[in-house]
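# Structural description and commentary
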Amino acid sequence: DPMAIVAVLVLLLLNENARRPHGKLLWAAISATAFVGVLFRETALLVPLAMLASDAVGLRWSGRIEVHGRALFRYLVPLLCAVIALLAVHNWARPTGHYTYFDAAVQGLYRRSPIQYLHAWFAAFGPVLVLPLYNWRRTLSFLRQRPDLLAFCAGAALLAWIGGDDTERFAYFTLPVI
């Protein structure tokens, strides 16, 4: 997980630079980092998905969905590299048991209470989680400016809920944003 968290942090930093006009070298770095990050942990796939959802598809607070053709292609390349890495890992690694991710997701949906879920987030981050709630107007303003970070955190929160008993492990992936 530590190397995957580093890859997520690098991807988020590269995405910050991708918001400004840059050349193909930046997008090659984003694609390579997405590929390597997914080799360490599949959760790194959340960043290219969040980038795609927020910038290329244009999810906005108004509920409108806009598709930007040129940006769509630009964001599909890192996502495709991450998916290739995911397929390669699933091809190389063989599961040793019969426990599947689908089984973990179903058990997570039905066995975990919201109190356990919130406790896991506070166990991971402590009282730091109260700060965005305390200053909620500023938090909303920031998330309106950066829908990619909102999409990333929402995806990580969903994975933390359905991803088995390691809620804190999934929560730690949001550390660069929190």
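My aim in this report is to walk through the structure given alongside it, one point at a time. Because the structure is predicted, anything quoted here is derived from the model rather than measured. Along each chain, the written sequence defines residue order, and numbers are assigned to residues from 1. Where totals are concerned, whole chains, interfaces and linings use all residues; where local detail is concerned, this predicted model gives features only for residues with pLDDT of at least 70, and gives and counts side-chain atom pairs only at 80 or more. Remark: hydrogens and water are excluded; side-chain values derive from all non-hydrogen atoms of the structure.

Here the focus is the overall build of the chain. Each helix and strand counted, the chain has ten helices and zero strands in total. Comment: elements are numbered from the N terminus, with helices defined as DSSP H or I runs of at least four residues and strands as E runs of at least two. Order of helices (α) and strands (β) in the chain, N terminus to C terminus: α-α-α-α-α-α-α-α-α-α. For every residue, the accessible area obtained with a 1.4 Å probe (protein chains only) is divided by the maximum for its type, and the residue is called buried under 20%, exposed over 50%, and partly exposed between those limits. Burial analysis of the chain (178 residues in total) assigns 39% to the buried set. Should any heavy atoms of two residues lie within 4.5 Å, those residues are counted as being in contact. Within the chain, residue pairs in contact and separated by at least 24 positions form 71% of the contacts whose partners lie at least 6 positions apart. Computed with the Shrake-Rupley method and a 1.4 Å probe, the accessible areas treat only the protein chains shown as cover for residues. Accessible area for the chain stands at about 10900 Å²; split by element, carbon and sulfur atoms hold 69% of it.

Another point: the nonpolar core. Grouping buried Ala, Val, Leu, Ile, Met, Phe, Trp, Tyr and Cys residues that are joined through side-chain atoms within 4.5 Å yields what is termed a nonpolar core. Membership of the largest hydrophobic core comes to 40 residues, with the highest contact counts inside it found for Val 8, Ile 30, Val 38, Val 47, Trp 121 and Phe 152. Looking at this core, the elements that each hand over two or more residues are helix 1 (2–18), helix 2 (24–40), helix 3 (46–56), helix 4 (69–92), helix 6 (114–125), helix 9 (147–162) and helix 10 (167–171). Among the elements that take part in this core, helix 9 stands out by supplying eight residues, more than any other. Not counting the four nearest positions on each side in its chain, Phe 152 is found in contact with Val 8, Leu 12, Leu 46, Val 47, Ala 50, Phe 173, Thr 174 and Val 177.

Further remarks concern the packing of helix 6 against helix 9. Two elements in contact, helix 6 and helix 9, have axes whose closest approach is 11 Å; the angle formed by their N-to-C orientations is 120°. Considering their axes alone, helix 6 and helix 9 lie oblique with respect to each other. Where helix 6 crosses over helix 9, the handedness of that crossing is right-handed. Of the residues in helix 9, those in contact with Pro 114, Tyr 117 and Trp 121 of helix 6 are Ala 157, Ala 160 and Trp 161. As a rule, the C-alpha atoms of each element are fitted with a line to give its axis, helices using only the stretch in contact, and angles between N-to-C directions run from 0 to 180 degrees. Here roughly perpendicular refers to angles of 65 to 115 degrees, roughly parallel to angles under 35, roughly antiparallel to angles over 145, and oblique to all remaining angles. Here is the rule for handedness: rotate from the far helix to the near one, and if that takes an anticlockwise turn smaller than a right angle the crossing is left-handed, while a clockwise turn gives right-handed.

Salt bridges are identified by distance alone: a Lys or Arg side-chain nitrogen within 4 Å of an Asp or Glu carboxyl oxygen. Taken as a whole, this structure holds two salt bridges when the rule is applied. Across the salt bridge formed by Arg 146 and Glu 16, the nearest N and O atoms sit 2.2 Å from each other. Placement of the pair is Arg 146 in the loop between helix 8 (136–145) and helix 9 and Glu 16 in helix 1, with a sequence separation of 130 residues. We classify Glu 16 as partly exposed; its relative accessible area is 29%. Between Asp 148 and Arg 146 there is a salt bridge; the shortest N-O distance is 2.7 Å. A relative accessible area of 2% means that Asp 148 is categorised as buried. Look at Arg 146 and you get buried, because its relative accessible area is 10%. A network of salt bridges, in which partner residues are shared, links Glu 16, Arg 146 and Asp 148.

Let's shift gears to the packing of aromatic side chains. Between the rings of Phe, Tyr and Trp (Trp by its six-membered ring), a pair exists once the centres lie within 6.5 Å; its type follows the angle of the planes, with under 30 degrees stacked, over 60 edge-to-face, and the other angles tilted. All chains considered together, the criterion is met by four aromatic pairs. Judged by centre distance (6.2 Å) and plane angle (75°), the ring pair of Phe 125 and Tyr 172 falls under edge-to-face. Note that Phe 125 is positioned in helix 6 and Tyr 172 in the segment after helix 10, a separation of 47 residues in sequence. Phe 125 sits in the buried class, given a relative accessible area of 11%. The class for Tyr 172 is partly exposed, based on a relative accessible area of 33%. Linked through ring pairs, Tyr 117, Trp 121, Phe 125, Trp 161 and Tyr 172 together constitute an aromatic cluster. For a Lys NZ or an Arg CZ to count as sitting over a ring, it must be within 6 Å of the ring centre and within 35 degrees of the ring normal. The ring of Phe 170 is capped by Arg 169, whose NZ or CZ atom sits 4.7 Å from the centre of that ring.

Here a helix's expected span is defined as the number of its residues, less one, multiplied by 1.5 Å. Taking 1.5 Å of rise per residue, twelve residues should cover 16 Å, and helix 6 covers 17 Å from first to last C-alpha, within 8% of that figure. All of the buried residues in helix 6 are Tyr 117, Ala 120, Trp 121, Ala 124 and Phe 125. For helix 6, the buried positions fall inside an angular range of 115° around the axis, keeping them on one side. The exposed set on the far side of helix 6, more than 90 degrees from its buried face, consists of Ile 115 and His 119. Contacts from the buried residues of helix 6 go to helix 9 and helix 10. Here the arc refers to the directions that run from the helix axis out to each C-beta atom.

In this fold, Ile 84 is placed in helix 4. Residues Ile 84 and Ala 34 lie 50 residues apart in sequence; the distance between their C-alpha atoms is 10.0 Å.

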